[in-house]
Amino acid sequence: MSRISGSSTFEGVLIDWSLGQPVDPPQLPVGLLSKRQAAAELARRQRRQAMDAAYEADLILRLAELTPDDDDPEAGSPGARAPGWSAADGEASGVSEFFAGELALVLNRGRGTARHLHHRALAWRENLPATYAALAAGELDVARAGALADVLGSTRPELARAVEAILLPEAVDLSVARLRARALELLAELDAPAADQRRERAKQTADVFLQPGADGMATLGAELSADEAAEAYAVIDQLARLAKADGDERPIAAVRTELFSLLLRRPGGHGQPGVAAQLTITATLDSLEGGSARAGSVDGLVITAGHARELLARIGALGLTAPDGGSLTFAITDGGGRLLATTTVAELLRVATKGCVQHPGEDCACPVLGAPGATHGYQPTDRQQTFTKTRDRTCRMPNCGQRVGWADLDHVVAHSCGGPTACTNLCCLCRSHHRLKTFARGWQFVMEPDGTLHVTTPSGITRTTRPPGLRRPPPEPPPDQPDDHPPPF
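Since the model is a prediction, treat every value here as computed from it, not as a measurement.

> Looking at this structure, I do not really get the overall build of the protein chain. What am I missing?
The number of helices and strands found in the protein chain is 15 helices and 12 strands. Across the 489 residues that make up the protein chain, the buried fraction comes to 33%. Sequence separation of 24 or more characterises 56% of the internal contacts of the protein chain that already satisfy a separation of 6 or more. Carbon and sulfur atoms make up 55% of the accessible area of the protein chain, which totals about 29,800 Å².

As structure tokens, this is what we get:
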């Protein structure tokens, strides 16, 4: 055990402090370890991870204590959260509703993960003190301590501790799944009415989720009661087996997947209208010039009537058309991914034919397309909305993936404080993060002209997000060093 010491001054009072800090033994190169030593090192790291998780929980709870709800909008006041909008919020009494958002940026994780870690820390402190003590001592691993918190964190403290007293002595000898199942069994035995209440509460907080995947795939799922989930799967499986019996040669998993999609997207059956698609095609300005960067620069690269004609020719060659009931938008970027303009086929035809206003009918180098200009009003124009949503695509808060269709267009510098209604001062924020920016105290949002957004929490952590497709700028070259020590000759 080593000790870290120092001193701090608060309002003229000098405070000496000393903090015990456990020191890990020196690490040998892994390639020199024997099998027994490697196994012992893994076990030691499991204990270290448990102790770190307990310390992290303490830090989260301390940060929550320092984030009170004193400045949150009161119920019934302007900006107050609508009741029932999010059943997972407001779990800890006296803690700001925006705490999960701040914790998410501090940890650089999603808000759901931050909320889960806060809830788990509360469960260990309030409901499972013996579990927390075993975790802090490295005697119980994080997975098993977490499973107990997940099951027992929302029940009454006295009931949780009764189950804990039975399970904790044998917890390390049970698999994580079996430990979770035993905790649920004991809850039902000791308090059946409470189990029914938790089941109803789980139904109230259930949701549908969309998780992006690889290779153009994604996972769509829903939290359902066990009987409903089993019934839905049985229907899809039975239909898939009927299709196989009729000669479908694909793997049955592929048939089930297609049926799942069709049942959701065509609930009314045959003859119902298709799903409207809103397509955005992205092309770089360099590609329209054949790799040349000959265009001049007017607040970025310019898009000329010649570019418009080239893009129209490529659209015709590719056979791109707007889908039935949908739309087709073209996003033109520079070589670094910065959005220069959004346009449609109709607008391309108009500017390709008319050219610029100063040189009608000439093949000049004047810009005919660009980012929408600022407006004097508060409400963004339709062109500003299209440009900003095409640039941002999702909520711009770090680690938030809420798609743009559910996002608000927010003035980064408030309109009431002189912020212009311009694309350089507008970004997409989901409703939760829009409310955080508007009503939570101590936050700072700064946006650069290319859409790069810097967000700083009240605790001083800054995270940066860039519009999808915008490349990170190259690092600045190191400054020239003076030649103070020339080599001897």
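> Help me out: how do you make sense of the packing of helix H2 (residues 99-107) against helix H3 (residues 111-127) in this one?
How two helices sit against one another is set out by the angle between their axes and by the gap between those axes. Packing of H2 against H3 leaves a shortest axis separation of 8 Å and a crossing angle of 105 degrees. Considered as vectors, H2 and H3 are oriented roughly perpendicular to each other. Within the contact between the two elements, H2 uses Phe 99, Ala 100, Gly 101, Leu 103, Ala 104 and Leu 107 and H3 uses Arg 111, Ala 114, Arg 115, Leu 117 and His 118. For the contact of H2 with H3, the residue count by class is 7 nonpolar, 2 polar and 2 charged.

> Please explain the packing of helix H1 (residues 35-65) against helix H4 (residues 129-136) as it appears in this structure.
Contact geometry for H1 and H4: axes closest at 7 Å, N-to-C directions at 125 degrees. Taken as axis vectors, H1 and H4 run oblique relative to one another. Contacts from Ala 50, Met 51, Ala 53, Ala 54 and Asp 58 of H1 reach H4 at Tyr 132, Leu 135 and Ala 136.

> For this particular structure, what's the right way to read a nonpolar patch on the surface?
Together, Val 208, Leu 210, Leu 220, Phe 260 and Leu 264 make up a nonpolar patch on the protein surface, roughly 470 Å² of accessible area in all. Sorting the residues of the nonpolar patch by element identifies strand E3 (208-212) and helix H10 (252-265) as the ones contributing at least two each. With respect to the helices, strands and loops of the structure, Leu 264 is situated in helix H10.

> How should the pattern of salt bridges be read in this particular structure?
When the charged atoms of two side chains lie near each other, side chains of opposite charge can form a pair. By the definition in use, this model includes 22 salt bridges. Among the ionic pairs, Asp 237 bridges to Arg 241, the shortest N-O distance being 2.9 Å. Of this pair, Asp 237 and Arg 241 both sit in helix H9 (residues 226-245), 4 residues apart, which is roughly one turn of that helix. Overlapping salt bridges bring together Arg 62, Glu 65, Arg 125 and Glu 126 as one network.

> Honestly, the sheet that holds strand E11 (residues 453-456) in this entry has me stumped. Any pointers?
Pairing between sheet strands relies on hydrogen bonds along the backbone, with the strands arranged either parallel or antiparallel. In space, the 3 strands of this open sheet follow the order E10-E11-E12, with antiparallel pairing throughout. Bordering the open sheet on either side are strand E10 (444-447) and strand E12 (462-465), each of which pairs with just one other strand. Within this sheet the neighbouring strands show an average axis-to-axis angle of 15 degrees, counted without direction. Relative to E12, E11 runs antiparallel, the two being bridged by 4 bridges. Within E12, the residue paired with Val 455 across the bridge is Arg 463.

> Where do I start with unusual backbone geometry in this structure?
With the exception of glycine, the majority of residues adopt a negative phi angle, and the majority of peptide bonds are in the trans configuration. Notably, Asn 108 is not glycine yet its phi reads approximately 60 degrees, a positive angle. One can find Asn 108 in the loop between H2 and H3. Here the phi dihedral of Arg 393 falls at roughly 70 degrees; this positive angle occurs in a residue that is not glycine. By the element assignment, Arg 393 lies in the loop between helix H14 (382-392) and strand E8 (407-411). By relative accessible area, which is 42% here, Arg 393 ends up partly exposed.

> Honestly, the side chain of Glu 347 in this entry has me stumped. Any pointers?
Here Glu 347 shows up in helix H13 (residues 345-354). Sequence-distant contacts of Glu 347, defined by excluding residues within four places in its chain, comprise Thr 342, Leu 369 and Arg 383.

> It is not clear to me how the pairing of strand E9 (residues 426-430) should be interpreted in this structure. Could you clarify?
Consecutive side chains along a regular strand alternate between the two faces of the sheet. With 5 of 5 residues buried, E9 is to be regarded as a mostly interior element. Burial along E9 is two-sided: the residues Leu 426, Cys 428 and Cys 430 and Cys 427 and Leu 429 are all buried. With 5 bridges connecting them, E8 and E9 associate as antiparallel partners. Across the sheet, residue Asp 408 finds its bridge partner in E9, namely Leu 429.

> For this particular structure, what's the right way to read the confidence of the model for the protein chain?
When pLDDT drops low, the exact placement of atoms in the prediction is not to be read closely. Looking at the protein chain, the pLDDT average stands at 82 and 80% of residues meet or exceed 70. Confidence drops under a pLDDT of 50 for residues 1-11, and excluding neighbours within four residues, the segment shows 29 contacts in the predicted structure. Within the model, the stretch residues 291-300 combines pLDDT values under 50 with 12 contacts to residues more than four positions away or in other chains.

> Mind showing me how you'd approach helix H7 (residues 176-190) here?
A turn of α-helix holds 3.6 residues, and therefore any two residues three or four places apart point the same way. Relative to the 21 Å expected for 15 residues at 1.5 Å per residue, H7 spans 21 Å between its end C-alpha atoms, a close match to the ideal helical length. Turning to H7, its buried residues are Leu 179, Arg 182, Ala 183, Leu 186 and Leu 187. The buried side chains of H7 occupy one side of the element, clustering within an arc of 140 degrees when seen end-on. For H7, the exposed residues set more than 90 degrees away from the buried face come down to Ala 177 and Glu 189. Elements that come into contact with the buried residues of H7 comprise helix H5 (142-152), helix H6 (157-167) and helix H8 (192-205).

> What is the right way to look at the pairing of E3 in this model?
By the criterion of burial, E3 is predominantly exposed, with just 0 of the 5 residues buried. The sheet contact formed by E3 and strand E4 (residues 218-222) spans 5 bridges and is antiparallel. Each residue of the ladder has a partner; that of Phe 209, found in E4, is Gly 221. Connecting E3 to the next strand, E4, in antiparallel fashion are 5 residues, including Asp 215 with a positive phi near 55 degrees.

> When you look at H4 in this model, what are you seeing that I'm missing?
For H4, the set of buried residues is Thr 131, Ala 134 and Leu 135. The buried residues of H4 all sit within an arc of 100 degrees when viewed along its axis, so they share a single face. Directly beyond the C-terminal end of H4, a positive phi value near 80 degrees is found at Gly 138.

Rules and cut-offs
Residues numbered from 1 in each chain as written. Predicted model: local features only at pLDDT ≥ 70, side-chain atom pairs only at ≥ 80, totals over all residues. Heavy atoms only, no water. Helix = DSSP H or I, 4+ residues; strand = E, 2+ residues; numbered from the N terminus. Buried < 20%, exposed > 50% of the residue type's maximum accessible area, 1.4 Å probe, protein only. Contact = heavy atoms within 4.5 Å. Areas by Shrake-Rupley, 256 points an atom, 1.4 Å probe, with all protein chains shown as cover. Axes fitted to C-alpha atoms, helices over the stretch in contact; angles between N-to-C directions. Parallel < 35°, antiparallel > 145°, perpendicular 65-115°, else oblique. Nonpolar A, V, L, I, M, F, W, Y, C, P; charged D, E, K, R; others polar. Patch = residues over 30% accessible without salt bridge, like charges linked within 9 Å, V, L, I, M, F, W, Y side chains within 5 Å. Salt bridge = Lys/Arg side-chain N within 4 Å of Asp/Glu carboxyl O. Pairing = 2+ DSSP bridges. pLDDT = per-residue confidence, 0-100. Expected span 1.5 Å × (residues − 1). Arc of directions from axis to C-beta.

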